[in-house]
Amino acid sequence: MGVAGIWSSEHTLRLTAVRAEAMDAASGADDGLGFVRGLAREHVQALVTRFDCAIAIINPDLMFVIGGEHRQVERCCAAALGEGAVAARPIAVHVASHTPRLAAAVAVFRKQLDGGEPARPTRGRTLIGAADASIVRGASGVAGLAEQVATTIDWAAVLEALVERGVDQVLELGPGTALADMMRARYPTVEARCVDNFRSQAGITDWLAR
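Note that the structure is predicted; figures quoted are calculated from it, not measured.

A. Representation of helix 2 (residues 41-50) within the structure. Buried residues of helix 2: Val44, Leu47 and Val48, and no others. Looking down the long axis of helix 2, one finds its buried residues gathered within 95° of arc, a one-sided arrangement. Exposed side of helix 2, more than 90 degrees from the buried face: Glu42, Thr49 and Arg50 are the residues found there. Packing partners of the buried residues in helix 2 comprise strand 1 (31-37), strand 2 (54-59), strand 3 (63-69) and helix 3 (70-82). Following helix 2 by one or two positions, Asp52 has its phi on the positive side, about 55°.

Here it is as structure tokens:
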């Protein structure tokens with residue numbers, strides 16, 4: 001939303017901090033995330049249901065991030081390996097983000113989102129919701145942005161939607177390179193970079209302007 005010009009940079013950073021604080025406050029002390037690779041989505045869904053977990057993030061190539069109480073995440077990953085997963089294990093994240101365990105954070109974040117005066121998106125910039133790859137039009141995406149805190153993020157569908165709309169250049173803001181790496185692996189004809197690849201703002205501007 002900030003990149004599209006709906007909020008100022010300062011307001012975007014404030015909202016980012018509020019979101020993080022709300023998520024930390026809502027998550028249980030023993031919550032965590034893990035991943036399962038190599039099983040169909042229906043299989044992973046059955047596993048997380050069995051262990052009172054949830055699918056947090058759907059990535060391309062049968063890679064799923066799962067969340068829940070840490071011990072249950074461990075058990076779910078062990079069961080996944082026993083049922084044919086290529087890899088599965090807990091990861092060093094102690095907030096069960098994008099799962100129903102963070103439901104209490106949604107209203108807190110939504111209140112802050114509703115308190116601002118969003119502008120019109122910068123012309124030519126299309127927003128695609130990460131939860132369902134839907135097209136977001138300006139302030140209409142505010143509710144969905146709040147709900148993303150406690151609902152599954154479908155990056156696989158988002159990347160597919162970007163390619164279907166003719167996007168051929170992608171810049172990941174970071175931190176890290178995960179989404180750019182994902183895009184390059186799945187859609188090698190798309191030129192995908194991340195902010196971490198550049199040494200200066202000028203380098204990013206020059207690359208985008210090509």
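Don't stop here, the text continues.
B. Representation of the pattern of salt bridges in the model. One pass over the full model with this rule turns up four salt bridges. Measuring nitrogen to oxygen at the nearest pair gives 2.9 Å for the salt bridge that ties Arg50 to Glu83. With Arg50 in helix 2 and Glu83 in the loop between helix 3 and strand 4 (87-91), the pair connects residues that are 33 residues apart, well separated along the chain. Owing to a relative accessible area of 32%, Glu83 belongs among the partly exposed residues under this scheme. Notably, a salt bridge pairs Arg184 with Asp181, separated by 2.4 Å at the nearest N-O pair. Of the two residues, Arg184 and Asp181 are both situated in helix 7 (residues 178-186); the distance of three residues between them amounts to about one turn of the helix. Look at Asp181 and you get partly exposed, because its relative accessible area is 34%.

Definitions and cut-offs
- Each chain carries its own residue numbering, running from 1 in the direction its sequence is written.
- pLDDT decides what is reported in this predicted model: residues at 70 or higher carry local features, side-chain atom pairs at 80 or more are listed and counted, and totals for whole chains, interfaces and linings draw on all residues regardless.
- Note that water and hydrogens are dropped before the side-chain values are worked out from all heavy atoms of the structure.
- Only protein chains enter the accessibility calculation, which uses a 1.4 Å probe; a residue is then buried when its area is under 20% of its type maximum, exposed when over 50%, and partly exposed in between.
- What counts as a helix is a DSSP run of H or I of at least four residues, what counts as a strand is a run of E of at least two, and both are numbered from the N terminus.
- By arc we mean the arc of the directions from the helix axis to the C-beta atoms, nothing more.
- By definition, residues are in contact when any of their heavy atoms lie within 4.5 Å.
- Basic side-chain nitrogens of Lys or Arg form a salt bridge, by our definition, when they fall within 4 Å of a carboxyl oxygen of Asp or Glu.

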